[in-house]
Amino acid sequence: MIKILAIESSCDETAAAVCKDKVILSNIISSQKIHEKYGGVVPELASRAHLQAIVPVVDQALETAGVELNEIDAFAFTQSPGLIGALLVGAEFAKSMALAFNKPLIAVQHMQAHVLANLITPARAENKTPSFPFLCLTVSGGHTQIVVCESPLQQKIIGQTLDDAAGEAFDKSAKILGLPYPGGPLIDKYAKTGDPHKYHFPEPKIEGLDFSFSGLKTAFLYFIRDAKATDQNFVEKNLADICASIQSRIVSILLNKLKKAAEETGITDVCIAGGVSANSGLRFEFEKLGREEGWNTFIPKFEYCTDNAAMIAITAYYKYLDKQFEDFSVVPSARTN
Ligand code: KG4
Ligand code: ZN
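Conventions used here
Residues numbered from 1 in each chain as written. Chains lettered and ligands numbered in written order. Predicted model: local features only at pLDDT ≥ 70, side-chain atom pairs only at ≥ 80, totals over all residues. Heavy atoms only, no water. Helix = DSSP H or I, 4+ residues; strand = E, 2+ residues; numbered from the N terminus. Rg over C-alpha atoms; globule rule 2.2 N^0.38 Å. Buried < 20%, exposed > 50% of the residue type's maximum accessible area, 1.4 Å probe, protein only. Core = buried A, V, L, I, M, F, W, Y, C linked by side-chain atoms within 4.5 Å. Donors = N, O, S within 2.8 Å, 3.2 Å for Na, K, Ca; no water. Pairing = 2+ DSSP bridges. Axes fitted to C-alpha atoms, helices over the stretch in contact; angles between N-to-C directions. Contact = heavy atoms within 4.5 Å. Expected span 1.5 Å × (residues − 1). Arc of directions from axis to C-beta. Polar contact = N/O pair within 3.5 Å; in protein donor to acceptor, adjacent residues only side chain to side chain. Near = heavy atom within 4 Å. Areas by Shrake-Rupley, 256 points an atom, 1.4 Å probe, with all protein chains shown as cover. 1 Å grid on protein atoms, 1.4 Å probe; cavity = no way out; pocket = protein on both sides within 12 Å on 5 of 7 lines; lining within 4 Å. Sits in = over half its atoms within 2 Å of the grid points.

Draft legend 1. Molecular detail of the overall build of the chain. Scanning the chain for helices and strands turns up 9 helices and 10 strands. At 20 Å, the chain has a C-alpha radius of gyration in line with the 20 Å of a compact globule built from 337 residues. Its C-alpha atoms give the chain principal-axis dimensions of about 65 × 45 × 35 Å. Across the 337 residues in the chain, those meeting the buried criterion constitute 52%.

Draft legend 2. Local environment of the nonpolar core. Among the nonpolar cores identified, the biggest contains 47 residues, and L177, F213, L254 and L258 are the most heavily contacted of them. Put simply, the parts of the chain that give this core at least two residues each are strand 6 (134-139), strand 7 (144-151), helix 4 (166-176), helix 5 (184-191), helix 6 (214-230), helix 7 (234-265), strand 9 (269-273) and helix 8 (280-293). Ranked by residue count, the leading element in this core is helix 7, at 15 residues. The next biggest cluster of nonpolar side chains, apart from the first, holds 33 residues, and it includes V115, C149, F298 and A309.

Draft legend 3. Representation of the coordination of the zinc ion (ligand 2). Around the zinc ion (ligand 2), the protein supplies H110 (NE2), H114 (NE2) and D307 (OD) as donor atoms, at distances of 2.0 to 2.1 Å. By relative accessible area, D307 is classed as buried at 15%.

Draft legend 4. Geometry of the sheet that holds strand 2 (residues 13-20). The mixed open sheet is built from 5 strands, whose spatial order is 3-2-1-4-5. Two strands in the sheet have a free side with no partner beyond their single neighbour: strand 3 (23-31) and strand 5 (105-109). Averaged over all adjacent pairs, the angle separating strand axes in this sheet is 20 degrees, with direction ignored. Summarising the sheet, strand 1 (residues 3-8) and strand 2 pair through 6 bridges and their orientation is antiparallel. The partner of I7 across the bridge, within strand 2, is A16. Packed onto the sheet, helix 1 (residues 43-65) meets strand 1, strand 2 and strand 3 and runs at close to 25 degrees relative to strand 2.

Draft legend 5. View of helix 8. For helix 8, spanning 14 residues, the distance from its first C-alpha to its last is 20 Å, which sits close to the expected 20 Å at 1.5 Å a residue. Listed in full, the buried residues belonging to helix 8 are G281, L282, F286, L289 and G290. Each buried residue of helix 8 lies within a common arc of 155 degrees when the element is viewed along its axis, so the set occupies one face. The outward face of helix 8, more than 90 degrees from its buried face, is lined by the exposed residues F284 and R291. Where helix 8 is buried, its residues meet strand 6, helix 5, helix 7, strand 9 and strand 10 (296-298). Here helix 8 starts with a cap whose side-chain oxygen sits 3.0 Å from the backbone nitrogen of G281, and that cap is N279. Positive backbone phi, approximately 75 degrees, marks G294, located one or two places after helix 8.

Draft legend 6. Structural view of the environment of C136. Relative to the helices and strands, C136 is located in strand 6. Since its relative accessible area comes to 0%, C136 is described here as buried. On a C-alpha basis, the gap between C136 and L105 in space is 27 Å, while along the polypeptide they are 31 residues apart. With residues near it in sequence (within four places) discarded, C136 still touches V115, N118, Q145, I146, V147, C271, I272 and A273.

Draft legend 7. The site of ligand 1, seen in detail. In the vicinity of ligand 1, 19 residues are found, and the nearest of them are G141, D171, D188, G275 and D307. A distance of 3.0 Å separates an oxygen atom of ligand 1 from a polar atom in the backbone of G275. Protein chains shield 88% of the accessible area of ligand 1, which is 550 Å² for the free molecule. Under a 2 Å grid-point criterion requiring more than half of the atoms, the pocket assigned to ligand 1 is the largest pocket.

Right, here's the structure in full:
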């Protein structure tokens, strides 16, 4: 049995997890509240908050797992993509640990890890994990991708966004409505009691399996501006219907492309992953589409959808089996590499 301590610090969550093979023993996440008042993540403040949180978060991950530091077989961290200053905190921490305990160091790519959250051994035996090859729609604050996962460490991107990510589409729409950052979860909350057919927003015509969300954002901005010109209280009066309508359009853009990808590849094990996969509208419509299309559908547990270190741990486990270790010259990268 291999025990790995994994750290995730790519954006505004300081997270640590311990796994024993594919089973997650602990998954601790400390979300940085400091960014809320700025309406977005401030990189310098994120780095500082990671520095403050990392020791207590790692301590708690070890304690919850009931594992001592000297029992850890390897130390893993998110290497890319993300905010460089934020990534550095996790990378240097993992390096120090690996050096002090003379254990392997494993570098993990964040987007690959979001996909592999679907391979974490489920707590309930009847819950299965996907078979290879599987398709994954990975939707986060910075990325939107359709990936063919041929084996844990072999992932091929077959479609991606040409501009904004799905999470940005949620967050920017929320900002236009005057909601605080990050707005995605709030749109989800208000959408629950709204009518998704009340307002109509355009679906972009993009070739192939790629996505675009910038046109939708502009259409939404003008729609709200015009409606407020006629009635100042339009947003307050219709918040639930507006949220349900914009959410429903973002979800249909995502799922139409996923359906196309499944048709083109003939793959029937299909997953979603990333922060936006926590969205209740997407989860519901994805399961519905899966039943219509005869797919086996998979969604990570809620806590493994948004940024977390459990997904870094599971990816590191596969890298450990493949002996993909780093030396201490490894550096984080803001861009995917
Ligand atoms: O994967 P993630 O936690 O971080 C990145 O790697 O970017 O994704 C964050 C994104 C944010 O845009 C956030 O608004 C969105 O995921 N998000 C949601 C929900 N929960 C998180 N969007 C819609 N509905 C949600 N329930
Ligand atoms: Zn993420």
